[in-house]
Amino acid sequence: MPDDLTPPAQDAPYRTTVADPVADGEKMLALWRSGLGHHGAPQAKLDWFYRHNPEGSPLVVLLHLASAPDAIGVGAVGPRRMQFGSEILRAGALVDFVMLPEYRTFFPAIFLQQEVRRRAADRFSIVFGFPNKKALPIVRRVGYQCVGQMIRRTRVLRSTTYLTKYLPGWLSGIAGFAIDAYRSTKMSVRSLVNGGFKFDWQDRPDDSFDDLWRRAATPTVLMGVRDRAFLAWRFADAPTKSYKFFKLLTATDLSLVAYAVCEVDGAAMTVADFLVDPKIETAAARLWLDLSREATRMGLTSLSVTFMGAEKEQRVMSAAGLLDRGQDPVYASMSPPPGVVDDMPLTTSAWYLTSADEDG
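Residues numbered from 1 in each chain as written. Predicted model: local features only at pLDDT ≥ 70, side-chain atom pairs only at ≥ 80, totals over all residues. Heavy atoms only, no water.

### Structural notes on the overall build of the chain
Okay, step 1: Of regular secondary structure, the chain possesses 10 helices and 14 strands.
Okay, step 2: Counting over 360 residues, the chain shows a buried share of 49%.
Okay, step 3: Relative to all contacts within the chain whose residues are 6 or more apart in sequence, the contacts with residues 24 or more apart total 74%.
Okay, step 4: Carbon and sulfur atoms form 54% of the exposed surface of the chain, whose accessible area is close to 16,600 Å². (Helix = DSSP H or I, 4+ residues; strand = E, 2+ residues; numbered from the N terminus. Buried < 20%, exposed > 50% of the residue type's maximum accessible area, 1.4 Å probe, protein only. Contact = heavy atoms within 4.5 Å. Areas by Shrake-Rupley, 256 points an atom, 1.4 Å probe, with all protein chains shown as cover.)

Laid out in structure tokens, this is it:
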């Protein structure tokens, strides 16, 4: 355990206990209802993420007043297998942190997060999270380090929808049509240049996703395991959202060289996860090209993805018209096993994170 993660003093005004998601589910639900929506289905989140998680049972920590039995706050760490070199590391993502309204002050939050980090250090080599602006002072105070930025990227597919914010309706229609026609021609030319691929859709991952994962894992990058079992649970079996798998295949033998997990909400398509065979030079560019064309064909107005990773991948997405629309920090605490300590990444380029690595 790191030296700064000392147990609380016996006279501290608060105490913590570790909860069992099965036995203590009602306590967790009661706390969630005070401040977490979970897409209107907290029971479904409890069953899926906490009770039937193939990655393992999350660590759940309850905060109590020192002299009272009832919990006043909860924080959790969801398990995530991550690969770095030849090592499979036990990592965890900070999730579902909430306090009862009357206790939403700085010190109780600090106490709970400190205890979550202390207890997590015994179970996980890496703990990472995506704090919002209100939580930033807390995670910094507790000792997490910023390891990079999740970049939110969007490509506008129907220019008229965007231009109406700045131009009269008739002018935005004309300008939008011209811009979209130019983009469509450009995409068609790029498609001819980067030939040799086909694409398809399916509802669930199959064995080919395991094969792609084995080829795509990069020795110098810390990346969450993306095998068939994880993808099926994280997306195909997700209780509150609907996803489909966009597959990029070689035209000759239909081998899977890339995928994107997509959610359509209204007129927007969001990519929740993607992976590309790094040995196929043109596969990444073609993935975003064909996905943009397909989303346009479906009548959608935008394509978005959130990603933290190497500059090479960022440049490919930028060239495909997925432009930086904002960034959010990622914070982490590390206590890796012996022999891995000196090589653990603390820079953006050494990580590979998408929305798949959040809690869903």
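### Brief notes about the pairing of strand E4 (residues 87–99)
Okay, step 1: Pairing geometry for strand E3 (residues 71–84) and E4, over 11 bridges, is antiparallel. Residue Pro79 lies in a different strand from E4, and its bridge partner there is Gly92.
Okay, step 2: Counting the residues between successive antiparallel strands, the hairpin from E3 to E4 contains two residues, one of them, Gly85, with a positive phi of roughly 65°.
Okay, step 3: In this sheet, strand E5 (residues 126–129) lies alongside E4 in parallel orientation, the contact comprising three bridges. Along E5, the bridge assignment pairs Ala93 with Phe128.
Okay, step 4: Once you follow E4 into helix H3 (residues 106–120) and on to E5, the crossover reads as right-handed. (Pairing = 2+ DSSP bridges. Right-handed = clockwise from strand over helix to strand, strands pointing away.)

### So, unusual backbone geometry
Excluding glycine, most residues fall at negative phi; most peptide bonds, likewise, are trans.
Okay, step 1: In the Ramachandran plot, His39 falls in the positive-phi region, its phi being about 55° despite a non-glycine side chain.
Okay, step 2: Mapped onto the secondary structure, His39 falls in the loop between helix H1 (25–32) and helix H2 (42–51).
Okay, step 3: Overall, His39 belongs to the exposed group, its relative accessible area being 52%.

### Points about the nonpolar core
Okay, step 1: Counting residues in hydrophobic clusters, the biggest one holds 78 residues, and the most contacted among them are Phe274 and Trp288.
Okay, step 2: Per-element tally for this core: the top contributor is strand E10 (residues 256–265), with seven residues.
Okay, step 3: One finds Leu63, Val77, Val139 and Val142 within the second-largest nonpolar core, a separate group that totals 22 residues. (Core = buried A, V, L, I, M, F, W, Y, C linked by side-chain atoms within 4.5 Å.)

### Remarks on the packing of aromatic side chains
Geometry of an aromatic ring pair is reported as the spacing of the ring centres plus the angle between the planes.
Okay, step 1: The final tally for this structure, using the stated rule, is 21 aromatic pairs.
Okay, step 2: The interplanar angle of 40° and the centroid separation of 5.9 Å between the aromatic rings of Tyr14 and Phe107 together place this pair among those described as tilted. Remark: Phe107 occurs in helix H3 and Tyr14 occurs in strand E1 (residues 14–19); sequence separation between them is 93 residues.
Okay, step 3: Overall, the relative accessible area of 14% leaves Tyr14 in the buried class.
Okay, step 4: Owing to a relative accessible area of 45%, Phe107 belongs among the partly exposed residues under this scheme.
Okay, step 5: Here a set of aromatic residues connected by ring pairs shows up, and it is made of Trp32, Trp48, Phe49, Tyr50, Phe230 and Trp233.
Okay, step 6: Lying across the ring of Phe230, Arg80 places its NZ or CZ 3.8 Å from the centre.
Okay, step 7: Over the face of the ring belonging to Tyr144 we find Arg117, whose NZ or CZ atom lies 5.6 Å from the ring centre. (Phe/Tyr/Trp six-rings, centres within 6.5 Å; stacked < 30°, edge-to-face > 60°. Lys NZ or Arg CZ within 6 Å of the ring centre and 35° of its normal.)

### Examining the pattern of salt bridges
Working definition: two side chains of opposite charge can pair if their charged atoms are close together.
Okay, step 1: One pass over the full model with this rule turns up 21 salt bridges.
Okay, step 2: Measuring nitrogen to oxygen at the nearest pair gives 3.1 Å for the salt bridge that ties Asp47 to Arg51. In this pair, Asp47 and Arg51 both sit in helix H2, four residues apart, roughly one turn of the helix.
Okay, step 3: The partly exposed category is assigned to Asp47, whose relative accessible area is 27%.
Okay, step 4: Residue Asp273 pairs with Arg226 through a salt bridge whose shortest N-O separation is 2.9 Å. Residue Asp273 is found in strand E11 (residues 268–276), and its partner Arg226 is found in the loop between strand E8 (222–224) and helix H8 (228–236); the two are separated by 47 residues along the sequence. (Salt bridge = Lys/Arg side-chain N within 4 Å of Asp/Glu carboxyl O.)

### Things to note about the pairing of strand E12 (residues 302–308)
Okay, step 1: Counting buried residues along E12, seven of its seven residues qualify, which places the element largely inside the surrounding structure.
Okay, step 2: Of the two faces of E12, the one lined by Ser302, Ser304, Thr306 and Met308 and the one lined by Leu303, Val305 and Phe307 are each fully buried.
Okay, step 3: In the sheet, strand E6 (residues 145–156) pairs with E12 via six bridges, with the strands oriented antiparallel. Across the sheet, the residue bridging to Arg155 is Leu303, located in E12.
Okay, step 4: By the bridge criterion, four bridges tie E11 to E12 in an arrangement that is parallel. If you follow Thr270 over to E12, its bridge partner there is Ser304.
Okay, step 5: Handedness of the β-α-β unit built from E11, helix H9 (residues 283–297) and E12 comes out right-handed.
Okay, step 6: Note: E12 against strand E14 (residues 351–354), two bridges, orientation antiparallel. Residue Phe307 lies in a different strand from E14, and its bridge partner there is Thr354.

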